[in-house]
Structure formats: C-alpha cells, structure tokens
Amino acid sequence: MANRAITVARGDGIGPEIMDATLHILKEAGARIDIEEIEIGEKVYLRGYTAGVEPSAWESLQRTKVFLKAPITTPQGGGFKSLNVTTRKMFGLYANVRPCVAYHPYVRTKHPQMDVVIVRENEEDLYAGIEHRQSDQVYQCLKLITRPGCERIVRYAFEYARRNNRKKVTCFTKDNIMKLTDGIFHKVFDEIAAEYPDIANEHWIVDIGAAKLADTPEAFDVIVMPNLYGDILSDVAAQIAGSVGLAGSANIGEKYAMFEAIHGSAPRRAGQNLANPSGLLLGAVMMLVHIDQPDIAERVHNAWLKTIEDGIHTYDIYSEGVSKEKVGTKEFAQAVVARLGQKPEKLKPVTYSAAPKQTLTSMVSARPPQKKELVGVDIFINWWGGTAEEFGRLVEKYNGDGLKLVMISNRGVKVYPEGFPDTTVCDTWRCRFQSESGGAIAPQQILNLMKRITEGGLDFTKIETLCNFDGQAGFSLGQGQ
Ligand code: NAD
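Quick caveat, the model's predicted, so the values are computed rather than measured. (Residues numbered from 1 in each chain as written. Predicted model: local features only at pLDDT ≥ 70, side-chain atom pairs only at ≥ 80, totals over all residues. Heavy atoms only, no water.)

## Brief notes about the sheet that holds strand 10 (residues 222-225)
- With respect to topology, ten strands assemble into an open sheet ordered 2-1-3-12-11-4-5-10-8-9, the strand pairing being mixed. Looking at the sheet topology across the chains shown, the edges are occupied by strand 2 (33-38) and strand 9 (200-205). Strand-to-strand twist in this sheet, taken as the mean axis angle between neighbours without regard to direction, amounts to 20°.
- As defined by bridge partners, strand 3 (residues 66-69) adjoins strand 12 (residues 257-261) across four bridges and the pair is classed as parallel. (Pairing = 2+ DSSP bridges. Helix = DSSP H or I, 4+ residues; strand = E, 2+ residues; numbered from the N terminus. Axes fitted to C-alpha atoms, helices over the stretch in contact; angles between N-to-C directions.)

Laid out in structure tokens, this is it:
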C-alpha cells in the first residue's frame, strides 16, 4: 500500500521532543506515512505572522490534508491570533473529538471506570466571533447555530459511536432557556438518534449533565454538545480522568483533519527529556485510524497501554508503589517500541476499524426550505433617563401604518406594558412591533416605522425581523410576555 503524506509541526517547548518520540514509535510500528514538516509557533509569531504560521506552510496542509501538530507557545502580549482557531476555521474542522479515559490503577483518578468521548462542535455557537457594543452599557455576542452544522456534528457522534463499538450517545444543551439555538441542536439530535436504533441516546440539560459528568462519568459513553459547553467540559472530563497529560484530540473536517495532544508546550520542562509524549501519541493513533491504517493504530495503542500497565511512567504520572520505573521521553518511546505487537493484560485492549468513506455533508438532509413569513420587527433603541412606563408611552406614538407596539423588553425581560417596577433596566430597549391584525407585514412597513422613529429623534442600535417558518414563530417571546 502506498505511503500517505502527512504534515507535521514540531511546535515549541516540549513539542520537538514529544514529536520525535511519537514519530519514532509510528515508524517502528510500520506506519505508512511520508512526513512533510512545517514550522509553526512562537518563532513564526515573532517574525510577524499573527496566526503563528507562514502562509507558504498552508500549501503543505492543502496537499496532505492531514496535520499532526505538537503544542506551541503563544507569545505574551496582544495581536496574536490562535493558531488552532485559525486552522479550524480555514479548514472547516467541525468536530473536536477527545477521548477521556481512566487508566486505573496505573494512573491516579477518582473515577476508575471512566471512559468518555467528548464530541464538541467546533465552528459555530458563540465562537463565530460576532460581537458588538450596542450602547454605552450593553455588549453583545451572537450565538449562531445552523441546522446543517447540528446535523453534521450529531451524525458524526453517532457514526463515531457505531464505528467504535460505543453503546450510547448523550446530548448536552441548555434548550430550556435557548429554545431556538440549543433547541435546534436537541431537535436534530432526536431526529438523527432515531436513525441509529442500535445506539442508546439521551439528552441532559448541560448544567445538571455537567454535574453528573464530574460526579459519575461512568454513566456516560459518547457526549455530543455545542462549541462552548464542549470547550469547557472536554477539559473537565480530561482532568477528572486523571490524565490531562495523556489525552489526545482530533479536529475533523470533511477534507482536512488535525491531530494533537490537549496539553500545551510546558516550556519549563523543555529540552530535559522529561515530557510525556502520550497525549501526542494518542492523537497520532486517531490520525492513523483517519488515514485508514487501523492496524497500525491498534498496534501502537495496545503497546502504549501495555507500557502504562507495566508501570513504565514519565515523571508526571509516576507514583511510588504503582509505577515500576521512572523514565524520560526517549526511554518511554523505546519502551512502547519494545512492546509493539503486545496487548495489555489488565487494561482493556483496543480494536480499530477503518474510517468510513462516506462524507457526512452528503448525509445532511436535503429538506426544502420552510415557508418564511414576515410578521413583525424588534427594534433595539438606546434611551436613558426615565422609566419603562415613560419610554413605552413615547414609543407608542410611532404606532400606525398597520403596525403596533406589542411589548418592550429590557435585557430580555418584558417591561412594558405592565412591567414590574423593580426590574433592573439598562440603556437598550427592545421594542417589538407586529401587525395590528396579527398577520403578515410588508418590509416597507418596517422601513416606514424606522423612518418615523429616527425622525422622532430616537437612537436605534439594530433591528431583527420577526418571521414565522411554516406558521411557527422563529423568535422567542420576551420573558414575562
Ligand atoms: P501546559 O499544558 O503546557 O502545562 C501545564 C502543566 O502540565 C505544566 O506543569 C507542565 O509541566 C505539565 N505538562 C503539560 N504537558 C506535559 C507533558 N506532556 N509531560 C509532562 N508534563 C506536562 O499549559 P500552560 O503552562 O498553561 O501553557 C504553556 C504554553 O502552552 C502557553 O504558551 C500556552 O499558550 C500553550 N498552549 C498551547 C496549546 C496548543 O498548542 N494546543 C494548548 C494549551 C496551551
């Protein structure tokens, strides 16, 4: 079988040492790879490339489409962009996959049975980076969730579960509050779960789900969630497994993929042959599965498990009475190489099968767009210096032309009509206008209203149109409305 080209970056701090160790093990295991090396990280940042990578280096990645990346040091001070965020966005790496496994009794953990895989949506949610200052007092970040984005990540989670012999996929959202954004994530989860009758499914509200994960992680198998919850909870999960230094992660897209350790460049440990290469090695194992070398992935992973089980440990997981030998980075890699072909006896051996050939985008449902009907508008107005009642009466003056003010909310809470006088208010008010007759409106009515409002001297920040989709409201009610 022909070798597969991959792009490798050795990174900063302990990066070069753990990359050498990892590549040594892969080579000895018979990985069929050709390495193209690119430079990333601190030196590149300091040369003036704000994303930490020279533009020419992307050419290698565009060619190989597979990136094995060691950690980098982000220089102190402003103006530097996260290389990870740039890579994810440029190459459409929509899924972040992080197995969090306990290696009891060889690595200390409070959760000996833990074996959880966090599948985090990687591109959407609050990470779209669309932020605005609305007024003197109010700052806003847009949370964007798309149906195709949900379909892709949820299907990825179920496909991952099926391929890896996992029994259950759990979804975490906060759709009791964010009924539209987290609501669509949950709805898509329910729809897609129905296509996988062989895999159990459940949904938890993220707060209590997170508490349960921290307390009883053995109750979970694969967990899929939107970007922000996944960002936070994948770190929590790795930490409580007892193995932040041991966890690898995969960032997967339709065409490209990036594999790495979850830890940083540990600069204080650099150059001393001390660092544990396991996180990067387990990232590389996921890479081998991705490039259709599951046999090599299995060989490496089982040899690594056997090494851990034999008590050959780097300083970070070394524990008197449990560990047998404290080794450096190179010696650890040699110990893994010496065990290639062996399987662990106490820890569970792994088995891998080839990654699917089908792209998940092709499985995104081809549903026809729903019928969209304009039924109103929310106009956000800056105003300060009076009560909600006074402001409401002021805004009522702009009723007419078939539109009427139905409510005003402040920080999401309805304050007019019939607000609660003790509600705390700020200087931005959302004024909701809908049709007098309750039906559809024309865009021109909104433009006319905006004209009346601005000519009347009110200062608007933005508008959001209110639409129904197939007769269902595509907007939330004000709290208390
Ligand atoms: P870190 O993960 O580098 O280190 C945290 C602690 O864990 C340190 O005590 C370190 O010695 C230890 N540690 C980490 N990996 C280890 C390993 N493989 N073997 C043994 N011990 C290990 O986190 P930090 O100190 O907060 O960050 C250092 C630098 O890494 C920063 O510049 C940060 O921006 C960067 N960073 C990069 C990535 C990445 O490239 N993906 C991720 C996180 C942090």
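## Some words on the site of the ligand
- Near the ligand lie 18 residues; those nearest to it are Ile72, Gly264, Ala266, Asn276 and Tyr315.
- For the ligand, a nitrogen atom lies 3.1 Å from a polar atom in the side chain of His263.
- Separating a nitrogen atom of the ligand from a backbone N or O atom of Asn276 is a distance of 2.8 Å.
- Relative to its free-state accessible area of 800 Å², the ligand is covered by the protein chains to the extent of 63%.
- Residue classes in the shell around the ligand are distributed as seven nonpolar, seven polar and four charged. (Near = heavy atom within 4 Å. Polar contact = N/O pair within 3.5 Å; in protein donor to acceptor, adjacent residues only side chain to side chain. Areas by Shrake-Rupley, 256 points an atom, 1.4 Å probe, with all protein chains shown as cover. Nonpolar A, V, L, I, M, F, W, Y, C, P; charged D, E, K, R; others polar.)

## Let's talk about the nonpolar core
- Ranked by size, the top nonpolar core spans 80 residues in total, and within it Leu26, Tyr103 and Trp304 carry the most contacts.
- If one sorts the elements of this core by residue count, helix 9 (residues 278-290) sits on top with nine residues.
- Excluding its chain neighbours within four sequence positions, the residues that come into contact with Leu26 are Ala31, Ile33, Leu281, Ala284, Met287, Leu288 and Val300.
- Counting residues in hydrophobic clusters, the runner-up holds 24 residues, among them Ala388, Leu405, Val415 and Met450. (Core = buried A, V, L, I, M, F, W, Y, C linked by side-chain atoms within 4.5 Å. Buried < 20%, exposed > 50% of the residue type's maximum accessible area, 1.4 Å probe, protein only. Contact = heavy atoms within 4.5 Å.)

## Topic: the pattern of salt bridges
- Taken as a whole and judged by the stated rule, the model has 31 salt bridges.
- The shortest N-O distance in the salt bridge between Glu195 and Arg155 comes to 3.0 Å. Linking Glu195 in the loop between helix 6 (181-193) and strand 9 with Arg155 in helix 5 (residues 147-163), this pair joins segments that are 40 residues apart in sequence.
- What makes Arg155 buried here is its relative accessible area of 7%. (Salt bridge = Lys/Arg side-chain N within 4 Å of Asp/Glu carboxyl O.)

## Points about the sheet that holds strand 15 (residues 372-382)
- In space, the six strands of this open sheet follow the order 17-16-18-15-19-20, with antiparallel pairing throughout. On the outer flanks of this sheet lie strand 17 (413-416) and strand 20 (472-473), each paired with one strand and no other.
- Here strand 19 (residues 459-469) pairs with strand 20 via two bridges, running antiparallel. Of the residues in strand 20, the one forming a bridge with Asn468 is Ala473.
- Along the sheet, helix 13 (residues 443-455) contacts strand 15, strand 16 (403-410), strand 18 (428-435) and strand 19; its crossing angle with strand 15, the most-contacted strand, is approximately 15°.

## Examining the pairing of strand 10
- Covered by surrounding structure in strand 10 are Val222 and Val224 together with Ile223 and Met225, the residues of both alternating faces.
- By the bridge criterion, four bridges tie strand 5 (residues 115-121) to strand 10 in an arrangement that is parallel. The partner of Ile118 across the bridge, within strand 10, is Ile223.

## Some thoughts on the packing of aromatic side chains
- Summed over all chains, the structure comprises 13 aromatic pairs.
- Each member of the aromatic cluster is reached from another via a ring pair, and the members are Trp58, Phe91 and Tyr256.
- The positively charged end of Arg152 is found above the aromatic ring belonging to Tyr94, 4.5 Å away from the centroid.
- Its guanidinium or amino end placed over the ring of Phe380, Lys462 lies 4.7 Å from that ring's centre, counting from NZ or CZ. (Phe/Tyr/Trp six-rings, centres within 6.5 Å; stacked < 30°, edge-to-face > 60°. Lys NZ or Arg CZ within 6 Å of the ring centre and 35° of its normal.)

## Points about the domain arrangement of the chain
- Here the chain is partitioned into domain 1 (1-89 + 261-345) and domain 2 (372-473).
- Look at where the C-alpha atoms of domain 1 and domain 2 centre, and you get two points 55 Å apart. (Domains from an automatic or database assignment.)

## Overview of the environment of Tyr416
- When you line up the elements, Tyr416 lands in strand 17.
- Assessed through its relative accessible area of 7%, Tyr416 is described here as buried.
- Setting aside its immediate chain neighbours within four residues, Tyr416 contacts Ala388, Glu389, Gly392, Arg393, Glu396, Leu405, Met407 and Ile408.
- Among the polar contacts made by the side chain of Tyr416, one reaches the side chain of Glu396 at a distance of 2.8 Å.

## Re the side chain of Asp221
- Along the chain, the position of Asp221 falls in the loop between helix 7 (206-215) and strand 10.
- Reaching out from Asp221, the side chain makes a polar contact with the side chain of Arg166 at a distance of 2.9 Å.
- If we skip the residues at most four places from it in the chain, Asp221 touches Asp115, Val116, Val117, Arg166, Lys167 and Lys168.

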